Amino acid sequence: MRVAVIVFPGSNCELDTVHALRLLGAEPDLVFHRETDLSGADGIVLPGGFAHGDYLRTGAIARFSPVMAEVERHAAAGTPVLGICNGFQILTEAGLLPGALVANRDLRFICRPIHVRVESTDSILTRNAEVGRVLRIPLNSYEGNFVLDPSALEALNDRDGVLLRYSDSTGNVGDGSNPNGSTNSIAGTTNAAGNVAGLMPHPERAVEEILGSSDGRVLLESFVSSMEAIPA
Amino acid sequence: MTEPAHRLLGMTDDEYESVITILDRTPATAELAMYSVMWSEHCSYKSSRGLLGRFRSNYPWVVLGPGENAGVVDLGDGWLAALRIESHNHPSFVEPYQGAATGVGGILRDIFTMGARPVAVWDPLRFGPLSDAHNRYLFSGVVSGIAGYGNAVGVPTLGGEVEFADRFSGNPLVNVMALGLLKEEQLVTRAAGNAGDVAILLGSSTGRDGIGGASILASASFDEDSGVKRPSVQVGDPFEEKKLIEACLELYDRGLLAAIQDLGAAGISCATSESASAGGMGMDVDLDAVHLRESDMTAGEILMSESQERMLAIVEPDNVEAVLAVAEKWEVGVSEIGTITDGDLLRVFQGGEEIASIPAASLSDDAPLYDRPARRPEDLDEIWADAPPLPDHVNLPDVLLELLDDPALGDRSWISEQYDHMLFLQTVVEPGHDGSLLRIKGTSKGLAVSTDGDSLRCFLDPRRGAKRLIYESALNVAVTGAAPYAVVDNLNFGNPEKPEIMWQFIETVDGMADACEHLNVPVVGGNVSFYNETDGVDIYPAPVVGMLGFADPMPENPPRLDRAEEGMEIWLVGPESGDDFAASAYSRVLLDHLGGRPEAVDPTVALAVVAHAARLAPNVPVLHDVSAGGLAVAIAEICIRSGIGAALDDMAWELLLDEAPIRFIAVTPVGTDLGIGNVPIRWLGVMGGNRIAFGRHSSVPLDESTRVWREAIPRRMVG
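These numbers come from a predicted model, not from an experiment.

A.B. asks: Got a minute to help me understand the confidence of the model for chain B in this structure?
C.D. replies: If pLDDT is low for a region, its predicted coordinates should not be looked at in detail. Per-residue confidence for chain B gives a mean pLDDT of 93; residues scoring 70 or more make up 97%. Our summary of model confidence lists the complex with pTM equal to 0.94 and ipTM equal to 0.95.

Written out as structure tokens, the structure reads:
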């Protein structure tokens, strides 16, 4: 299964994403943002980093990179598309996922392992997990605070579009376990079709025990297995 | 009466006379500007270079030693590591966010200039007490500047260390160490190749920021007017740097460059002259070709500008087109600004006219060299006689809580959690331990790094203090699972024109050089930062050590502070003391006292303890260096991090709080063979329960200790 890992100027998690996907048996290719043809890709990942310096607003310039029209076309055709951290920000900016990511509640960068609870398994990111499962995965962002207006939030909840919520280690969700002030503790979402997903934490940083956790595997394995299930 | 031009540029009358002798004429304006920057203390090391030869670097595994952009060591199987340490002290005081940010940017260029991908950064920091609002502003600004730049440029920051002391209020210290990895065949040189090769300036446009940063900011002391120096601070753009890194790494991969040199202090003047003179060549430079941020810049401004994120590539004519295409791909600014020539002249042109023509090597090789007078401080014996006034008895629980509440001893994750310390999937032991441990993916190799400074002890006895730093740093990498392999040092001192400061400097250099030789560790690079003085007050002497440790194979399950379990045994490995309180955390925090003389280290014992720690590391769950706060704080850290209490045997309070050097704690499952041989060992107690108990009579709850420790920095940063 071939995965296109998109490289924008300023991306920095692309090599880590490639490393993790290879460990899980996928065949990732780095694709520069000026490319306009993703026809060989069974899946697409927008990795973490600071695309185009995150100038103006996170993802605001990246969504106009030449490759994005092709990403949107694939998303509409049902190809699994995953945005991690900055990739999630770009997907919301491109309108492929609802909401927006703004500065953390405490106005400080946060890099530490946090816990998320799986809320829905109806997506390319969570299909191999179980609802209620708690995962320990690193968070690494300044603009990780997910915001959404109340009516859109209701719609998102109604269609089971919230995939992950920040929680404590036993799965309790509340202000005390919400690291960045995200609305409803939301850490990851999907689109209505379930083929486009985004999350702020970095599952690719949690695929080997030697680095502290392998809880990210189930998410990336979901993504890889979804490419087999959903024909490109 | 107006001041002569050379004095306004920070140059002495004698130095000006030397320029006239070299050129056999009066220098033109642009020439004077170039000499003034290149001969500044910051660029020329004119007060220190005569002494730095004390450091030994000729060991078999050293590929490049001091004097290069970065030291390079051989890790076997074709792998090399490049390392360097730098300071950005004065810019960070004037403008903390940008000062710290550009410090990170600058050192990364030193690393990727060598052909290496920068893989990690550490930041040793020193500030005045956090009770002062301005110090909090500096601390917070510096940390967010490091985070803002390092995270965005995509190089993880694996920690560092921090000290708070009054003498840093007027002059904080912001040091930065960086590590890069490369394969042998990727190593590149800065020496210009052949006549006709093209000098290509890559990266940001050249602007008026940072003009004279090296001479005006870094090489002079501060006074109350220092705010007007703000325009001398450069402004960083991590996105430009990130693109520049990727573009350069692609240029190296494709073999398109003959040589490359980064632009740091003294900008184009420095890069062109160093590149030409390193290759024994000359260079013609056309300032009209330089891509500028402002169109009306003078020649002096263009030559001296310290605009960030720029590199000077030397390219054979046939490869120029390909280089321009790579620059275009990564959206990196580019201009062909010069040509390599036969001979030794650096000639600079503007508007078709020659505005400078000087021997390229004279800017570096003919820089002044000062043998500054040194004098032992007159009050030193008095200071040594003034030992800390110890009480007969202390309340250990209260003392421990006070120590854990100290911002230099408490939880420092307020700092390290602002840094991306996980990028590249290499961080096996993260910030918050004695050292950090990185794996080299695809190999069995690992690198441990510790940065250490101890300015109060170095103030009391610079020679002993410096030796202890080296040994402590070595022990820190050993308990992290690696053997000491190479050192870089950042020597932060006051005004070298004062003989007492020069004495501190010489004592420090001698002490460090001795300790490194005893440990058999090369010094592969360093930096000297003088004039850390504000309103006549010098900082405490603050040498900072960056120790690289190497392990092959790397321990698969290295020691960590959070691996202690109920019932495990607690051992002290290394010599006991009980009376080493000079510059200890107890004296500083509880007695507010600075005096006495720190103990010396027996080098034979040090070597044995360090080697033993490295041998134990693959098989022992917890190893922890005993340093500031003594045994009590070291054990409390293990308890807090592992979430489990400890019951310690009855022992004199002095044993728990003194800071005798070169000792570590081992926490082991019952029956573990510590295989001690000639290294002293002592039983301390056992892990368990929810209190830290000192014998049968006093104890402190673990949850209270944890809360106090966690809040040490955050509670001070509110408001």
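A.B. asks: Even after reading the chapter, I still don't get the pairing of strand S27 (residues 691-694) of chain B, so can you show me in this structure?
C.D. replies: Each regular strand shows side chains that alternate between the opposite faces of the sheet. All names here are of chain B. Pairing of strand S24 (residues 646-648) with S27, which is carried by three bridges, proceeds in the parallel orientation. Bridging from a neighbouring strand, Leu648 pairs with Phe694 of S27. Where S27 lies against strand S28 (residues 698-701), four bridges are found, and the strand directions are antiparallel. Bridge pairing links Ile692 to Val700 in S28. Counting the residues in the hairpin turn of S27 and S28 gives three residues, including Gly695, whose phi is positive at 65°.

A.B. asks: Looking at this structure, how should I read the sheet that holds strand S17 (residues 483-492) of chain B?
C.D. replies: Residues and elements named next belong to chain B. Strand order in this open sheet of six strands is S14-S15-S16-S21-S17-S18, and the pairing throughout is mixed. The open sheet is flanked by strand S14 (427-429) and strand S18 (523-529), the only strands paired with a single partner. Across the sheet, the mean angle from the axis of one strand to that of its neighbour is 25°, orientation sign disregarded. In this structure, S17 lies alongside S18, joined through six bridges in parallel fashion.

A.B. asks: What is the right way to look at the interface of chain A and chain B in this model?
C.D. replies: In many analyses, interface size is given as the accessible surface area lost on bringing the parts together. Taken together, the 28 residues of chain A in the interface contact 30 residues of chain B. Of all residues in chain A, A:Arg34, A:Cys111 and A:Ile210 bury the most surface against chain B, accounting for 21% of the area lost on that side. Here chain A is connected to chain B by five salt bridges. A salt bridge links B:Glu331 to A:Arg34; the nearest nitrogen and oxygen atoms lie 3.5 Å apart. Our count for the contact surface shared by chain A and chain B stands at eleven residue pairs in polar contact (both at pLDDT 80 or more).

A.B. asks: Before we go on, may I ask you to explain helix H2 (residues 13-23) of chain B in this structure?
C.D. replies: Helical periodicity: at 3.6 residues per turn, an α-helix aligns residues three or four positions apart in one direction. Residue and element names in this part refer to chain B. Turning to H2, its buried residues are Glu15, Tyr16, Val19 and Leu23. Looking down the long axis of H2, one finds its buried residues gathered within 105° of arc, a one-sided arrangement. Along H2, exposed side chains directed more than 90 degrees from the buried face belong to Asp14 and Thr21. Tucked inside the fold, the buried residues of H2 contact helix H1 (5-8), helix H3 (29-38) and strand S13 (353-359). Asp24 sits one or two positions beyond H2 and adopts a positive phi of about 60°.

A.B. asks: Just checking my understanding: could you explain the nonpolar core for this structure?
C.D. replies: Soluble, globular proteins show a tendency: their nonpolar side chains are buried together. Among the nonpolar cores identified, the biggest contains 64 residues, and A:Ile6, A:Phe8, A:Leu82, A:Leu164 and A:Phe223 are the most heavily contacted of them. Residue contributions to this core peak at six residues, all from helix H5 (residues 217-229) of chain A. Other than its neighbours up to four places away in sequence, A:Phe223 contacts A:Val3, A:Leu21, A:Gly43, A:Ile44, A:Val45, A:Pro80, A:Val81, A:Leu82 and A:Ile124. Within the second largest apolar cluster, 63 residues are counted, among which are B:Ala70, B:Val104, B:Tyr149 and B:Tyr419.

A.B. asks: Is there a simple way to think about the sheet that holds strand S7 (residues 134-141) of chain A in this case?
C.D. replies: By way of backbone hydrogen bonds, the strands of a sheet pair with one another, either parallel or antiparallel. Residue and element names in this part refer to chain A. With respect to topology, nine strands assemble into an open sheet ordered S2-S1-S3-S4-S11-S10-S9-S6-S7, the strand pairing being mixed. Edge positions in the open sheet fall to strand S2 (27-32) and S7, since each of these has one partner strand only. The average angle at which neighbouring strand axes cross in this sheet is 25°, direction not considered. Pairing geometry for strand S3 (residues 43-46) and strand S4 (residues 81-84), over three bridges, is parallel. Looking at S4, one finds that Leu46 is bridged to Gly83. Against the sheet, helix H3 (residues 86-93) engages S3, S4, strand S10 (186-190) and strand S11 (196-199), with an angle of about 120° to S4.

A.B. asks: Where do I start with helix H15 (residues 396-404) of chain B in this structure?
C.D. replies: All names here are of chain B. In terms of burial, H15 is largely enclosed, as seven of its nine residues are buried. Of the residues making up H15, those classed as buried are Leu396, Pro397, Val399, Leu400, Leu401, Leu403 and Leu404. Residues of H15 that are buried make contact with helix H20 (585-590), helix H22 (630-642), helix H23 (653-657), S27, S28 and helix H24 (702-711).

A.B. asks: So what exactly am I meant to see when it comes to the state of the cysteines here?
C.D. replies: The bond known as a disulfide is covalent and runs between the sulfur atoms of two cysteines. Using the criterion set out here, one finds zero disulfides over all chains in the structure. Unpaired in this structure, A:Cys85 has its nearest cysteine sulfur neighbour in A:Cys13, at a distance of 6.6 Å. No disulfide involves B:Cys248; its sulfur sits 17 Å from that of B:Cys270, the nearest cysteine.

What counts, and where the lines are drawn
- Residues numbered from 1 in each chain as written.
- Chains lettered and ligands numbered in written order.
- Predicted model: local features only at pLDDT ≥ 70, side-chain atom pairs only at ≥ 80, totals over all residues.
- Heavy atoms only, no water.
- pLDDT = per-residue confidence, 0-100.
- Pairing = 2+ DSSP bridges.
- Helix = DSSP H or I, 4+ residues; strand = E, 2+ residues; numbered from the N terminus.
- Axes fitted to C-alpha atoms, helices over the stretch in contact; angles between N-to-C directions.
- Contact = heavy atoms within 4.5 Å.
- Buried area = accessible area lost by both parts, 1.4 Å probe.
- Salt bridge = Lys/Arg side-chain N within 4 Å of Asp/Glu carboxyl O.
- Polar contact = N/O pair within 3.5 Å; in protein donor to acceptor, adjacent residues only side chain to side chain.
- Buried < 20%, exposed > 50% of the residue type's maximum accessible area, 1.4 Å probe, protein only.
- Arc of directions from axis to C-beta.
- Core = buried A, V, L, I, M, F, W, Y, C linked by side-chain atoms within 4.5 Å.
- Disulfide = S-S within 2.5 Å.

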